[in-house]
Amino acid sequence: MIEIVDLAYARVGTADLPSAVRFATETLGLQLVREEENRAYVRGDDRDHDICYVAGAPSDHVLGFELADEEALRDAFDTLKGAGVDVSHGTPEECNDRRVQQFITFQDPTGNKFDLAVRPHKATRRYFPTRDAGINGFSHVGLRTTDARRDEAFWTTHFNIHPNDWIGDAGLLSFDHVHHRIALFPANGPGIQHINFQVDSIDDVMRSWYFLSSQQVRVVFGPGRHATSGAMFLYFEGPDGMVYEYSHGVRLIDDPNYRPRQFPFTPEAFCVWGAKPDIPEFRS
Ligand SMILES: [Fe+2]
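Thresholds, definitions, all that
Residues numbered from 1 in each chain as written. Predicted model: local features only at pLDDT ≥ 70, side-chain atom pairs only at ≥ 80, totals over all residues. Heavy atoms only, no water. Pairing = 2+ DSSP bridges. Helix = DSSP H or I, 4+ residues; strand = E, 2+ residues; numbered from the N terminus. Axes fitted to C-alpha atoms, helices over the stretch in contact; angles between N-to-C directions. Contact = heavy atoms within 4.5 Å. Phe/Tyr/Trp six-rings, centres within 6.5 Å; stacked < 30°, edge-to-face > 60°. Buried < 20%, exposed > 50% of the residue type's maximum accessible area, 1.4 Å probe, protein only. Lys NZ or Arg CZ within 6 Å of the ring centre and 35° of its normal. Core = buried A, V, L, I, M, F, W, Y, C linked by side-chain atoms within 4.5 Å. Domains from an automatic or database assignment. Salt bridge = Lys/Arg side-chain N within 4 Å of Asp/Glu carboxyl O.

Participant: Explain the sheet that holds strand E12 (residues 182-186) to me, and be specific about the residues and the numbers.
Facilitator: Here we have nine strands laid out as an open sheet, ordered E14-E15-E16-E13-E9-E12-E11-E10-E17, and mixed in their pairing. Two strands bound the open sheet, and with one partner strand each, they are strand E14 (218-225) and strand E17 (261-263). Shown here is a sheet whose adjacent strand axes are inclined to one another by a mean of 20°, direction ignored. As paired elements, strand E15 (residues 232-237) and strand E16 (residues 243-248) share six bridges and run antiparallel to each other. Its bridge partner being in E16, Phe 233 is matched across the sheet by Ser 247. Seen against the sheet, helix H4 (residues 148-158) touches strand E9 (135-145), strand E10 (162-167), strand E11 (170-174) and E12 and runs at an angle of roughly 155° to E12. Against the sheet, helix H5 (residues 202-214) engages strand E13 (192-199), E14, E15 and E16, with an angle of about 25° to E15.

Below, the structure written as C-alpha coordinates:
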(Lines give C-alpha, C1' and ligand atoms only; values in the text may rest on other atoms or scores of the structure.)
Protein backbone atom coordinates (compact mmCIF):
# COMPACT_ATOMS: atom_id res chain seq x y z
CA MET A 1 0.00 0.00 0.00
CA ILE A 2 1.45 3.34 -1.07
CA GLU A 3 1.05 5.92 1.70
CA ILE A 4 0.52 9.43 0.36
CA VAL A 5 1.16 12.03 3.06
CA ASP A 6 0.31 15.24 1.19
CA LEU A 7 -0.38 16.96 -2.08
CA ALA A 8 2.88 18.39 -3.39
CA TYR A 9 2.28 20.38 -6.58
CA ALA A 10 0.54 20.60 -9.90
CA ARG A 11 2.43 21.14 -13.14
CA VAL A 12 0.27 22.84 -15.73
CA GLY A 13 1.15 23.38 -19.37
CA THR A 14 0.36 26.77 -20.84
CA ALA A 15 0.35 28.19 -24.34
CA ASP A 16 1.06 31.67 -22.95
CA LEU A 17 3.30 31.68 -19.87
CA PRO A 18 3.17 35.46 -19.20
CA SER A 19 -0.66 35.37 -19.26
CA ALA A 20 -0.73 32.37 -16.92
CA VAL A 21 1.57 34.17 -14.47
CA ARG A 22 -0.42 37.39 -14.68
CA PHE A 23 -3.67 35.57 -13.95
CA ALA A 24 -2.14 33.52 -11.12
CA THR A 25 -0.71 36.56 -9.36
CA GLU A 26 -3.07 39.44 -10.12
CA THR A 27 -6.35 37.52 -10.26
CA LEU A 28 -6.04 34.22 -8.40
CA GLY A 29 -3.91 35.69 -5.64
CA LEU A 30 -0.86 33.43 -5.71
CA GLN A 31 2.69 34.62 -5.14
CA LEU A 32 5.25 34.37 -7.90
CA VAL A 33 8.16 32.40 -6.46
CA ARG A 34 10.49 32.35 -9.45
CA GLU A 35 10.59 32.37 -13.20
CA GLU A 36 13.05 30.20 -15.04
CA GLU A 37 13.36 29.34 -18.67
CA ASN A 38 9.87 28.32 -19.84
CA ARG A 39 8.65 27.88 -16.26
CA ALA A 40 7.01 29.89 -13.51
CA TYR A 41 6.42 28.74 -9.94
CA VAL A 42 3.61 30.15 -7.80
CA ARG A 43 2.31 29.41 -4.31
CA GLY A 44 -0.48 30.13 -1.87
CA ASP A 45 0.96 28.51 1.25
CA ASP A 46 4.25 27.37 2.76
CA ARG A 47 5.20 24.96 -0.02
CA ASP A 48 8.03 26.01 -2.33
CA HIS A 49 5.34 26.13 -5.00
CA ASP A 50 1.85 24.78 -5.50
CA ILE A 51 1.74 25.20 -9.27
CA CYS A 52 4.55 25.17 -11.81
CA TYR A 53 3.38 26.57 -15.13
CA VAL A 54 5.35 25.11 -18.00
CA ALA A 55 5.36 26.68 -21.47
CA GLY A 56 4.03 24.04 -23.82
CA ALA A 57 0.88 22.08 -24.49
CA PRO A 58 -2.01 23.26 -22.28
CA SER A 59 -3.21 19.66 -22.05
CA ASP A 60 0.00 18.58 -20.31
CA HIS A 61 -0.77 18.22 -16.59
CA VAL A 62 0.98 16.45 -13.74
CA LEU A 63 -0.15 16.10 -10.13
CA GLY A 64 2.52 15.54 -7.52
CA PHE A 65 1.96 13.74 -4.22
CA GLU A 66 4.37 13.59 -1.31
CA LEU A 67 5.50 10.32 0.27
CA ALA A 68 7.07 10.12 3.71
CA ASP A 69 10.62 9.07 2.83
CA GLU A 70 12.94 7.27 0.42
CA GLU A 71 11.95 3.86 1.74
CA ALA A 72 8.30 4.65 1.00
CA LEU A 73 9.34 5.74 -2.49
CA ARG A 74 11.24 2.49 -3.11
CA ASP A 75 8.22 0.50 -1.90
CA ALA A 76 5.91 2.57 -4.12
CA PHE A 77 8.09 1.88 -7.16
CA ASP A 78 7.95 -1.88 -6.46
CA THR A 79 4.20 -1.83 -5.79
CA LEU A 80 3.42 -0.03 -9.05
CA LYS A 81 5.87 -2.15 -11.03
CA GLY A 82 4.33 -5.28 -9.53
CA ALA A 83 0.88 -4.07 -10.57
CA GLY A 84 2.07 -3.74 -14.16
CA VAL A 85 2.15 0.06 -14.09
CA ASP A 86 4.83 1.77 -16.19
CA VAL A 87 6.84 3.71 -13.61
CA SER A 88 10.15 5.54 -13.88
CA HIS A 89 12.52 7.61 -11.76
CA GLY A 90 12.96 11.33 -12.21
CA THR A 91 16.39 12.49 -13.30
CA PRO A 92 18.43 14.85 -11.09
CA GLU A 93 17.51 17.71 -13.46
CA GLU A 94 13.82 16.84 -13.17
CA CYS A 95 14.12 16.65 -9.37
CA ASN A 96 15.69 20.09 -9.32
CA ASP A 97 12.93 21.41 -11.57
CA ARG A 98 10.33 20.11 -9.08
CA ARG A 99 12.31 21.13 -5.98
CA VAL A 100 12.17 17.60 -4.58
CA GLN A 101 14.88 15.20 -3.47
CA GLN A 102 13.60 12.25 -5.51
CA PHE A 103 10.48 11.28 -7.39
CA ILE A 104 8.96 8.57 -9.52
CA THR A 105 6.37 9.13 -12.21
CA PHE A 106 3.49 7.04 -13.57
CA GLN A 107 0.06 7.34 -15.16
CA ASP A 108 -3.34 6.18 -13.94
CA PRO A 109 -5.51 4.00 -16.23
CA THR A 110 -7.05 7.13 -17.82
CA GLY A 111 -3.60 8.51 -18.65
CA ASN A 112 -3.41 11.21 -15.98
CA LYS A 113 0.22 11.84 -15.03
CA PHE A 114 1.43 11.71 -11.42
CA ASP A 115 4.65 12.17 -9.52
CA LEU A 116 5.35 10.60 -6.14
CA ALA A 117 7.96 12.77 -4.49
CA VAL A 118 9.97 12.84 -1.28
CA ARG A 119 11.19 15.89 0.59
CA PRO A 120 9.64 18.63 -1.52
CA HIS A 121 11.09 22.00 -0.58
CA LYS A 122 9.29 24.30 1.79
CA ALA A 123 9.28 28.04 1.30
CA THR A 124 11.79 30.02 3.32
CA ARG A 125 9.57 33.08 3.58
CA ARG A 126 5.89 33.44 4.40
CA TYR A 127 3.37 33.55 1.57
CA PHE A 128 2.91 37.18 0.56
CA PRO A 129 0.61 37.67 -2.42
CA THR A 130 0.03 40.83 -4.43
CA ARG A 131 -3.73 40.24 -4.30
CA ASP A 132 -5.22 39.28 -0.95
CA ALA A 133 -7.70 36.54 -1.90
CA GLY A 134 -7.53 35.01 1.59
CA ILE A 135 -5.85 31.84 0.32
CA ASN A 136 -4.50 29.57 3.04
CA GLY A 137 -3.61 26.44 1.14
CA PHE A 138 -3.58 24.17 -1.89
CA SER A 139 -6.20 21.61 -0.92
CA HIS A 140 -7.48 19.38 -3.74
CA VAL A 141 -7.50 18.67 -7.45
CA GLY A 142 -10.32 17.51 -9.71
CA LEU A 143 -9.16 14.94 -12.26
CA ARG A 144 -10.79 13.74 -15.43
CA THR A 145 -11.41 10.03 -15.79
CA THR A 146 -12.61 7.91 -18.69
CA ASP A 147 -13.87 5.28 -16.20
CA ALA A 148 -14.46 6.56 -12.68
CA ARG A 149 -15.04 3.17 -11.07
CA ARG A 150 -11.93 1.66 -12.68
CA ASP A 151 -9.75 4.59 -11.64
CA GLU A 152 -11.20 4.71 -8.13
CA ALA A 153 -10.34 1.01 -7.78
CA PHE A 154 -6.79 1.80 -8.99
CA TRP A 155 -6.36 4.39 -6.23
CA THR A 156 -8.04 2.41 -3.45
CA THR A 157 -6.16 -0.82 -4.32
CA HIS A 158 -2.63 0.56 -4.48
CA PHE A 159 -2.80 3.72 -2.34
CA ASN A 160 -4.06 4.82 1.08
CA ILE A 161 -6.93 6.51 -0.73
CA HIS A 162 -10.58 5.97 0.14
CA PRO A 163 -13.88 7.44 -1.06
CA ASN A 164 -15.72 9.81 1.26
CA ASP A 165 -18.73 10.40 -1.01
CA TRP A 166 -19.85 9.86 -4.57
CA ILE A 167 -21.84 12.12 -6.88
CA GLY A 168 -23.06 9.63 -9.45
CA ASP A 169 -19.88 7.74 -10.34
CA ALA A 170 -17.63 10.68 -9.45
CA GLY A 171 -15.65 9.69 -6.38
CA LEU A 172 -14.54 12.27 -3.83
CA LEU A 173 -11.40 10.60 -2.50
CA SER A 174 -8.92 11.33 0.26
CA PHE A 175 -5.75 10.09 1.92
CA ASP A 176 -6.23 12.08 5.15
CA HIS A 177 -9.05 13.68 7.13
CA VAL A 178 -9.88 16.37 4.55
CA HIS A 179 -13.12 15.37 2.82
CA HIS A 180 -11.49 15.11 -0.60
CA ARG A 181 -7.97 15.53 -1.94
CA ILE A 182 -8.73 14.26 -5.43
CA ALA A 183 -12.05 13.89 -7.21
CA LEU A 184 -12.59 11.80 -10.33
CA PHE A 185 -14.99 13.34 -12.82
CA PRO A 186 -16.13 11.32 -15.85
CA ALA A 187 -14.82 12.87 -19.07
CA ASN A 188 -13.51 11.93 -22.50
CA GLY A 189 -9.81 12.02 -21.64
CA PRO A 190 -7.20 12.79 -18.99
CA GLY A 191 -6.28 16.08 -17.38
CA ILE A 192 -6.60 18.26 -14.33
CA GLN A 193 -10.18 19.49 -14.29
CA HIS A 194 -9.84 22.03 -11.46
CA ILE A 195 -7.36 23.20 -8.86
CA ASN A 196 -8.67 24.15 -5.42
CA PHE A 197 -7.36 26.65 -2.91
CA GLN A 198 -8.94 27.05 0.49
CA VAL A 199 -9.65 30.58 1.69
CA ASP A 200 -10.03 31.89 5.23
CA SER A 201 -13.73 32.73 5.25
CA ILE A 202 -16.99 33.00 3.36
CA ASP A 203 -16.18 36.73 3.13
CA ASP A 204 -13.17 35.85 0.96
CA VAL A 205 -15.35 33.71 -1.32
CA MET A 206 -17.88 36.50 -1.76
CA ARG A 207 -15.29 39.27 -2.01
CA SER A 208 -13.63 37.32 -4.83
CA TRP A 209 -16.97 36.78 -6.53
CA TYR A 210 -17.44 40.55 -6.83
CA PHE A 211 -13.78 41.09 -7.72
CA LEU A 212 -13.70 38.41 -10.43
CA SER A 213 -16.97 39.65 -11.87
CA SER A 214 -15.56 43.20 -12.06
CA GLN A 215 -12.50 41.83 -13.89
CA GLN A 216 -14.64 40.00 -16.47
CA VAL A 217 -13.32 36.64 -15.27
CA ARG A 218 -15.68 33.85 -16.30
CA VAL A 219 -17.26 32.48 -13.12
CA VAL A 220 -18.35 28.95 -14.03
CA PHE A 221 -20.04 27.83 -10.80
CA GLY A 222 -21.15 29.55 -7.62
CA PRO A 223 -21.03 31.06 -5.19
CA GLY A 224 -22.56 27.95 -3.67
CA ARG A 225 -22.19 25.17 -1.13
CA HIS A 226 -21.40 21.54 -1.87
CA ALA A 227 -23.81 18.95 -0.47
CA THR A 228 -20.89 16.53 -0.01
CA SER A 229 -18.06 18.40 1.70
CA GLY A 230 -20.16 21.29 3.02
CA ALA A 231 -17.62 23.71 1.54
CA MET A 232 -18.77 27.08 0.22
CA PHE A 233 -17.21 27.54 -3.18
CA LEU A 234 -16.57 29.65 -6.25
CA TYR A 235 -15.23 28.20 -9.52
CA PHE A 236 -13.81 30.35 -12.31
CA GLU A 237 -11.87 29.91 -15.51
CA GLY A 238 -8.31 31.08 -16.10
CA PRO A 239 -5.98 30.94 -19.11
CA ASP A 240 -5.79 27.72 -21.14
CA GLY A 241 -9.30 26.83 -19.95
CA MET A 242 -8.06 25.78 -16.50
CA VAL A 243 -10.71 26.01 -13.79
CA TYR A 244 -9.71 27.25 -10.34
CA GLU A 245 -11.76 27.05 -7.16
CA TYR A 246 -11.79 28.94 -3.90
CA SER A 247 -13.56 27.21 -1.09
CA HIS A 248 -14.07 27.55 2.61
CA GLY A 249 -15.36 25.15 5.24
CA VAL A 250 -14.48 21.77 3.76
CA ARG A 251 -15.55 18.95 6.08
CA LEU A 252 -12.81 17.23 8.10
CA ILE A 253 -13.68 13.59 8.75
CA ASP A 254 -12.40 12.29 12.07
CA ASP A 255 -15.28 9.91 12.84
CA PRO A 256 -13.94 6.34 12.42
CA ASN A 257 -17.51 5.18 11.75
CA TYR A 258 -18.06 7.62 8.86
CA ARG A 259 -19.40 5.85 5.79
CA PRO A 260 -19.22 7.30 2.26
CA ARG A 261 -22.54 8.50 0.94
CA GLN A 262 -23.99 8.22 -2.56
CA PHE A 263 -25.46 11.41 -4.01
CA PRO A 264 -27.29 11.67 -7.32
CA PHE A 265 -25.48 13.33 -10.24
CA THR A 266 -27.68 16.44 -10.10
CA PRO A 267 -26.98 20.19 -9.82
CA GLU A 268 -28.44 20.05 -6.29
CA ALA A 269 -25.79 17.56 -5.21
CA PHE A 270 -23.09 19.91 -6.45
CA CYS A 271 -24.77 22.97 -4.86
CA VAL A 272 -27.38 23.00 -2.12
CA TRP A 273 -27.99 26.73 -2.63
CA GLY A 274 -29.18 26.22 -6.21
CA ALA A 275 -26.23 27.45 -8.30
CA LYS A 276 -26.02 25.69 -11.66
CA PRO A 277 -22.58 24.58 -12.87
CA ASP A 278 -21.32 25.84 -16.21
CA ILE A 279 -18.65 23.10 -16.08
CA PRO A 280 -19.02 20.20 -18.54
CA GLU A 281 -17.81 17.56 -16.06
CA PHE A 282 -20.38 18.67 -13.45
CA ARG A 283 -23.33 18.37 -15.82
CA SER A 284 -25.11 15.18 -16.71
FE1 LIG B 1 -13.41 21.27 -5.86
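Continuing now.
Participant: I'd love a proper account of the packing of aromatic side chains, names of residues and values included.
Facilitator: According to the stated counting rule, one finds 26 aromatic pairs in the structure shown. Judged by centre distance (5.3 Å) and plane angle (80°), the rings of Phe 265 and Phe 270 are edge-to-face. Using a relative accessible area of 23% as the deciding quantity, one classes Phe 265 as partly exposed. Since its relative accessible area comes to 2%, Phe 270 is described here as buried. Put simply, the rings of Phe 65, Phe 106, Phe 114, Phe 154, Trp 155, Phe 159 and Phe 175 pair up and form one aromatic cluster. Here the basic side chain of Arg 34 rests over the ring of Tyr 41, its NZ or CZ set 4.7 Å away from the ring centre. Just above the ring of Tyr 41 sits the side chain of Arg 99; from NZ or CZ to the centre is 5.2 Å.

Participant: Now, about the nonpolar core: what can you tell me, with residues and values included?
Facilitator: Counting residues in each nonpolar core, the largest one holds 56 residues, and the members touching the most others are Phe 65, Leu 80, Phe 106, Leu 116, Trp 155, Phe 159 and Ile 195. In terms of residue count, the dominant contributor to this core is helix H1 (residues 17-28) (six residues). Taken together, domain 1 (4-118) and domain 2 (135-282) each give at least three residues to this core, which thus spans both. Beyond its immediate sequence surroundings of up to four residues, Trp 155 is in contact with Phe 65, Phe 106, Asp 108, Phe 114, Ile 161, Leu 173, Ile 182 and Leu 184.

Participant: Mind laying out the domain arrangement of the protein, listing which residues take part and the relevant values?
Facilitator: Domain assignment breaks the protein into domain 1 (4-118) and domain 2 (135-282). For domain 1 versus domain 2, the distance between C-alpha centres works out to 20 Å. Taken together, the contact pairs 44 residues of domain 1 with 40 residues of domain 2. Linking domain 1 with domain 2 are zero salt bridges, by the criterion used here. Contributing elements (two or more residues each) for the side of domain 1 that touches domain 2: strand E1 (4-14), H1, strand E4 (51-55), strand E5 (61-67), helix H2 (70-82), strand E7 (102-107) and strand E8 (113-118). If one sorts the elements of the side of domain 1 that touches domain 2 by residue count, E1 sits on top with ten residues.

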